[in-house]
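In case you want the letters, here they are:
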Amino acid sequence: MPSVIIGLALLALWLYCLFDVITTPEEDVRNLPKFMWVLIVIFLADVGALTWLLVGRPRARHTMYAAGGDRWARTGDAPRGPDDDPEFLRSLERRLRRDED
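Here's what I pulled together on the structure shown here. Small disclaimer: the values here were computed from a predicted structure and weren't measured. (Residues numbered from 1 in each chain as written. Predicted model: local features only at pLDDT ≥ 70, side-chain atom pairs only at ≥ 80, totals over all residues. Heavy atoms only, no water.)

### Here we look at the pattern of salt bridges
How we decide: Any carboxyl oxygen of Asp or Glu within 4 Å of a side-chain nitrogen of Lys or Arg constitutes a salt bridge here. To qualify as a helix, a DSSP run of H or I must reach at least 4 residues; to qualify as a strand, a run of E must reach at least 2; elements of each kind are numbered from the N terminus. Per-residue accessibility, obtained with a 1.4 Å probe over protein chains only, is compared with the maximum for each type, and a residue is labelled buried under 20%, exposed over 50%, and partly exposed between these values.
Applying the stated criterion across every chain yields a total of 4 salt bridges. In this structure, Arg90 and Glu87 form a salt bridge, with 3.3 Å as the shortest nitrogen-oxygen distance. Highlighted residues: Arg90 and Glu87, both in helix 3 (residues 86–100), separated by 3 residues, approximately one helical turn. Residue Glu93 is joined to Arg97 by a salt bridge in which the shortest nitrogen-to-oxygen separation is 2.8 Å. One end of the pair, Glu93, and the other, Arg97, are both in helix 3, 4 residues apart, so they sit about a helical turn from each other. We classify Arg97 as partly exposed; its relative accessible area is 45%. The structure contains a network of salt bridges with shared partners spanning Glu87, Arg90 and Arg94.

### Some points on the nonpolar core
Formally: Think of a nonpolar core as a cluster: buried Ala, Val, Leu, Ile, Met, Phe, Trp, Tyr and Cys residues, connected wherever their side-chain atoms sit within 4.5 Å. Every residue pair with non-hydrogen atoms within 4.5 Å of one another is taken to be in contact.
Of all hydrophobic cores here, the largest spans 10 residues; its members are Cys17, Leu18, Val21, Val29, Trp37, Val38, Ile40, Val41, Ala49 and Trp52. For this core, the secondary-structure elements that each account for two or more residues are helix 1 (2–23) and helix 2 (34–56). In terms of residues, this core owes the most to one element, helix 2, which gives 6 residues. The residues contacting Val29, other than those within four sequence positions of it, are Thr24, Lys34, Trp37, Trp52 and Gly56.

Here it is, written out as structure tokens:
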């Protein structure tokens, strides 16, 4: 029974890494071309999957405290929703107060 669970976990790891390699943009892949990573993960299975996670996968973007606010912002060009904009929230509050009058 434990060998079945370990086998399923390794299969899940392999499928996750294969999907991750395929969906990662070419310019974000590290150390080798994307095509080579796909081949490594397919043919070397779990060793290839672990290698992808350690040396091929793009580095994670770190979060940092947004200056002047009380919210967390991702570094990079991630879009922000209107509820993340303090000015939008103030204008919404003003409109709601006007509607109550």
